[in-house]
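Structural overview for review
One-letter residues, chain by chain:
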Amino acid sequence: MSFLKNLTKENLEQTRDQVGGFKVHDSDMYPGKIQHAFLAQWGSGAHYVNLSVKLDNGSIYSENITITNANGENFWERDGKKHPLPGFTILDDIALCTAGVSAAELDEPEEKVVNVYDKDAGAQVPKAVPMLMQLVGADITLGIIKKIETVMDKNQATGKYDIPTDKERESNFIDKVFHNPSNLTTVEARNGKEEAAFYEEWLKANKSKVRDARKKGSTGTAGAPVRPGAPRAAAPGAPAAGAAPAQKKPLFGNKG
């Protein structure tokens, strides 16, 4: 059984709409079609999804999205409240926007062979992976952020890459997921909205801007701000994360 079945949305704080081939993309909205989405595991034990999307502009966007910690938990706790990990929220929103179900409700992965980068071989090699077939071929729109960050050296004492260098690099991450073609977010859909509003909000706040994620003490840093997509406490009385209407109809109805 896939570990996805162990992921929980029960008693998690509700997420909100918040502004906040390798190619670095400018911060913008990118509609596209999912090429593959398969499960994998970091050396730490944390799980991630390798996502590849062929964007409508012809380029390929790929990201390894961490969805659990080393203990297999898809949440973090503060002040007695559980908050979903940002990567889990991204996967859950992708599942809801494409398959119409939450990440934990996706069908069992199917073994498929794809070309995966192998560090030892230094090249792409064929490998059997657990593919989330319900996501493959689906249309999605991603709010992608360009960020600049400090290159980190390996700490020989801990084995972690946590020593700042004077080098910097640009990279991307998915900040927000939008249903394609309605441009609604899962939050808007849960709240019964028919017209997308946050789409333009996100563009106004992020289009063409670069997120400064450099570490203090490295060249030109001002500190690493919290990314706008990071989970925050819900307002008093707000329903738990992922709380959906009692009926079982798809979150986005016939908006596809």
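Preceding this section is the structure that the text describes.
Let us look at the structure shown here.

Attention now moves to the overall build of the protein chain. Looking only at helices and strands, the protein chain features 3 helices and 10 strands. Each helix and strand of the protein chain, ordered N terminal to C terminal, gives the series β-β-β-β-β-α-β-β-β-β-α-α-β. For the protein chain, the accessible area works out to roughly 13600 Å², and carbon and sulfur atoms hold 48% of it.

Bringing helix 3 (residues 198-206) into the picture now. Along helix 3, the residues classified as buried are Phe198, Tyr199, Trp202, Leu203 and Asn206. Around the axis of helix 3, the buried residues are gathered within 140 degrees of arc, so they sit on the same side. Facing away from the buried side of helix 3, by more than 90 degrees, are the exposed residues Glu200 and Lys204. Buried positions along helix 3 lie against strand 1 (28-41), strand 8 (139-154), strand 9 (161-178), helix 2 (186-190) and strand 10 (210-213). Where helix 3 terminates, the next one or two residues include serine 208, which has phi positive at roughly 70 degrees.

Before going further, it helps to examine the packing of aromatic side chains. Within this structure, the stated rule accounts for 3 aromatic pairs. Summarising the aromatic geometry, the rings of phenylalanine 178 and tyrosine 199 are spaced 5.5 Å apart at their centres and angled 80 degrees between planes, so their arrangement reads as edge-to-face. Here phenylalanine 178, found in strand 9, pairs with tyrosine 199, found in helix 3; they are 21 residues apart in sequence, far enough to count as distant. The two residues phenylalanine 178 and tyrosine 199 agree in class, both being buried. Clustering of aromatic rings is evident, with ring pairs tying together Phe178, Phe198 and Tyr199.

Within the secondary structure, threonine 186 sits in helix 2. Relative accessible area serves as the criterion here: at 0%, threonine 186 is assigned to the buried category. Polar side-chain contacts of threonine 186 include one of 3.0 Å to the side chain of aspartate 93. When near neighbours in sequence (up to four residues on either side) are disregarded, threonine 186 contacts Asp93, Leu96, Cys97, Leu251 and Phe252.

Quick look at the environment of valine 24 now. If you trace the backbone, valine 24 turns up in the segment before strand 1. For valine 24, a relative accessible area of 23% gives the class partly exposed. Considering only alpha carbons, one finds valine 24 and phenylalanine 173, 149 residues apart in sequence, at a separation of 9.8 Å. Discounting residues that sit within four places of it in the chain, valine 24 has contacts with Lys146, Glu170, Ser171 and Asn172.

Attention shifts here to the pairing of strand 6 (residues 110-118). Relative to strand 7 (residues 123-131), strand 6 runs antiparallel, the two being bridged by 9 bridges. Residue pairing across strands places aspartate 118 opposite alanine 123, the latter belonging to strand 7. Between strand 6 and strand 7, which pair antiparallel and follow one another directly, the connecting turn spans 4 residues, one of which, glycine 122, has a positive phi of 70 degrees.

Rules used in this analysis
Residues numbered from 1 in each chain as written. Predicted model: local features only at pLDDT ≥ 70, side-chain atom pairs only at ≥ 80, totals over all residues. Heavy atoms only, no water. Helix = DSSP H or I, 4+ residues; strand = E, 2+ residues; numbered from the N terminus. Areas by Shrake-Rupley, 256 points an atom, 1.4 Å probe, with all protein chains shown as cover. Buried < 20%, exposed > 50% of the residue type's maximum accessible area, 1.4 Å probe, protein only. Arc of directions from axis to C-beta. Contact = heavy atoms within 4.5 Å. Phe/Tyr/Trp six-rings, centres within 6.5 Å; stacked < 30°, edge-to-face > 60°. Polar contact = N/O pair within 3.5 Å; in protein donor to acceptor, adjacent residues only side chain to side chain. Pairing = 2+ DSSP bridges.

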